[in-house]
Amino acid sequence: MEIGYNFYQGIIPPQLGNLSQLRYLDIAGANLSGPIPKEFSNLTSLQSLFLFRNQLTGSIPSDFSNIKPLTNLDLSDNFLSGSIPESFSELKSLRLLSLMYNDMSGTVPDGIAELRSLETLLIWNNHFSGLLPKSLGKNSKLKWVDVSTNKFNGSIPEDICLGGVLVKLIMFSNKFTGSLFSISNCSSLVRLRLEDNSFSGEVPLKFSYLPDITYVDLSWNKFVGGIPLDISQATQLEYFNVSYNNQLGGIIPTLIWSLPKLQNFSASSCGILGILPSFDSCKSISTIDLGRNNLSGTIPKSVSKCQALVTIELPDNNMTGQIPDELASIPILEIVDLSNNKFNGPIPEKFGSSLSLHLLNVSFNNISGSIPNAKTFKLMSNSAFVGNSELCGAPLRPCFERVGIFGSKGTWKLTHILLLSIGLLIILLVLAFGILHFRKGFKSQWKMVSFVGLPQFTANDVLTSFNVVATEHTHIPSPSTVVTKAVLPTGITVLVKKIEWENRSINGVSEFIMRLGNARHKNLIRLLGFCHNQQQVYLLYDYLPNGNLAEKIGMKWDWAAKFRTVVGIARGLCFLHHECYPAIPHGDLKSSNIVFDENMEPQLAEFGFKQVLQLSNGASPTKTMQETEYNEVMTEELSNDVYNFGKMILEILTGGKLTNAAANIHSNSQEVLLREVYNGNEATSVGSMQEIKLVIEVAMLCTKSRSSDRPFMEDVYNLLTNKFANV
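Residues numbered from 1 in each chain as written. Predicted model: local features only at pLDDT ≥ 70, side-chain atom pairs only at ≥ 80, totals over all residues. Heavy atoms only, no water.

Chemist: Sorry, what's going on with helix H7 (residues 559–578) here?
Modeler: Every α-helix carries 3.6 residues per turn, so stepping three or four residues along brings you back to the same face. Between the first and last C-alpha of H7 there are 28 Å, a value that for 20 residues agrees with the 28 Å anticipated at 1.5 Å per step. Taken across its 20 residues, H7 has 17 buried, putting it largely inside the fold. (Helix = DSSP H or I, 4+ residues; strand = E, 2+ residues; numbered from the N terminus. Expected span 1.5 Å × (residues − 1). Buried < 20%, exposed > 50% of the residue type's maximum accessible area, 1.4 Å probe, protein only.)

Structure (structure tokens):
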């Protein structure tokens, strides 16, 4: 009986339990609610039961153990609670057990490990805890185990690979500890995801014995001993990530770039030493992330062999030498981050003719000369170039033109004479200004905090931009509205937000604003600084003149631009949630708070502002709440961001026509919704239709009614960019 994939109302009829000869029952994706009928335990001939993707509640009937022939049981993506019945140990024919995406808890019964036919165990995204059964894998030929996003602890069962056919082992986002010794010789593995745990010791994987491995993620653990040097023998490897194993150390394996299928190599924040290996045999690599290590040496000129390279990130290392022209010649290169190193020399002119380059960050190096005179660079933020005292050109200060009066040496002398003269004039003006104000007894109460690497302002710059002259201490200059545009004396246009604060909250608010200002990302509007006295504070942001998402939603724009906007917003939220410590909830995510820069790249505005207002009124959650309660509030805030992101997706897809997102998207036919969105976005190509379908599925995940059922923003971003698949 196949009666699923419809939109029924109400519960599963208990009378179905009377079909004593039924062998196959599929009522998946049918909008059903209520409990699983206990009468189903009468279906003693049943071999396959599929009830996934409904809204079922309650616990799993323990009498399911009566269904002895049961081979496939899939109850995933519901609202089931309770634990896995101990009686499941009697289901000796069970091959598939899928309980993922529910609200279940407790431990996994040891009896599950005794099921000799069990091949697939999928219990991810629940609240299970404790140890996995010690003998899991000893008595059966497990092929696929996914226990990710739970609260498991302890080590990996030592016999989990004993059957010799384990293809996928996915255990990320738990509290596992210990070593990986039990899987060191697991030659059948294709996909291994152990990120976000507390595994330790050396990485014992012998890649020469892993002929089929394609995906390895060991990030956010406590591994040491370096990357296994035989990784270059993993000829099927496509994705490798060991980032944020801070004590990993070691060097980059010499032949790593020669792997024929490797696309992503990430090993940031690992304490890696040495130099970048030669790229002579570079094959298919598209992403290299080696930021925040101890790398030295230069970028090999052989990098030109990496014709598939899209992203190379090497920030916060000790690399030297010039940026090679060969790097600039790569045809599809989009992101280059070389910040906080010791690179010198000029920026290669070839970058100016690149059609794909989105970001070149060379800030805080010893780069000199002029920035290539190309539109690409003029549209980049100046934060990508600051910290290089001998670098000039847009978007930094203009370069001095060569006047040729005295030849090249004469130009050098003339430049220095002019600079000395200007310097003396500034000193005299400052002295005169200081004496004048000292005589008048004027003492300003205003203070200005500008962030490193961004335009530097004074409090007077801000105050005079409001066309108000402060003649006495007590006068508080103010813009005419809470949010206003201001042109500073330096010629820079900024957006100013005014808030009142209480004296007792100044320190707490200032510290939090500093956190916001240090949160730098291409999809976050820049907080340039803040000006304050004892009564109020002005926050200064970049002024972006290209409008906001709310204005654009009702207009006609192509699908590619919409998809880029969705991914950009997700990328910015992912940074706030997962790369800021502690995490920063946006707090007020809506279309009017998404603004566009010169490249029409979306930037999140107002992020963290809700918390600024709370703190300015004297609220201090860390003092008024227990740590557990505070963490729960933070988790809920982050989940609200995810929900609002889902709503925003639907606004973008439907041109603002779809309101009350959760109710509509979960109660209407997905096929009808897809058809309407395809038509509304004039999707004709297979690629765009696949992207639209993916975005709708993401929106459905994000707008689930229970916050605990929504994905993390990191998973959302990875889904949208095809970097994540729990398959």
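Chemist: Hey, could you run me through the pattern of salt bridges in this one?
Modeler: Side-chain pairs of opposite charge can arise whenever the charged atoms involved come near each other. Under the defined criterion, the tally for this structure stands at twelve salt bridges. Residues Asp588 and Lys590 are paired through a salt bridge, measuring 3.6 Å at the closest nitrogen-oxygen approach. Accessibility expressed as a relative area gives 30% for Asp588, which makes it partly exposed. When salt bridges with common partners are traced through the structure, they connect Asp103, Arg706 and Asp709 into a single cluster. (Salt bridge = Lys/Arg side-chain N within 4 Å of Asp/Glu carboxyl O.)

Chemist: What should I look at first to understand helix H8 (residues 609–616) in this one?
Modeler: Along H8, the positions that sit buried rather than exposed are Phe609, Gln611, Val612, Leu615 and Ser616. Down the axis of H8, the buried set is contained in an arc of 155°. They therefore lie on one face. (Arc of directions from axis to C-beta.)

Chemist: Sorry, what's going on with the sheet that holds strand S11 (residues 151–154) here?
Modeler: Sheet strands pair by backbone hydrogen bonding; their relative direction is either parallel or antiparallel. Strand order in the open sheet made by the six strands is S7-S9-S11-S13-S15-S17, with parallel pairing throughout. Sheet topology places strand S7 (105–106) and strand S17 (222–224) at the edges, where each strand pairs with a single neighbour. (Pairing = 2+ DSSP bridges.)

Chemist: Any chance you could explain the packing of helix H5 (residues 506–518) against H8 here in plain terms?
Modeler: The packing of two helices is summarised by the inter-axis angle and the distance between the axes. For the pair H5 and H8, the least separation of the axes is 9 Å and the interaxial angle reads 165°. Relative to H8, the element H5 is oriented roughly antiparallel. For H5 against H8, the interelement crossing comes out left-handed. In this structure, H5 uses Gly508, Val509, Phe512, Ile513 and Leu516 to contact H8, whose residues at the interface are Gln611, Val612, Leu615 and Ser616. (Axes fitted to C-alpha atoms, helices over the stretch in contact; angles between N-to-C directions. Parallel < 35°, antiparallel > 145°, perpendicular 65-115°, else oblique. Left-handed = near helix turned anticlockwise from the far one by under 90°. Contact = heavy atoms within 4.5 Å.)

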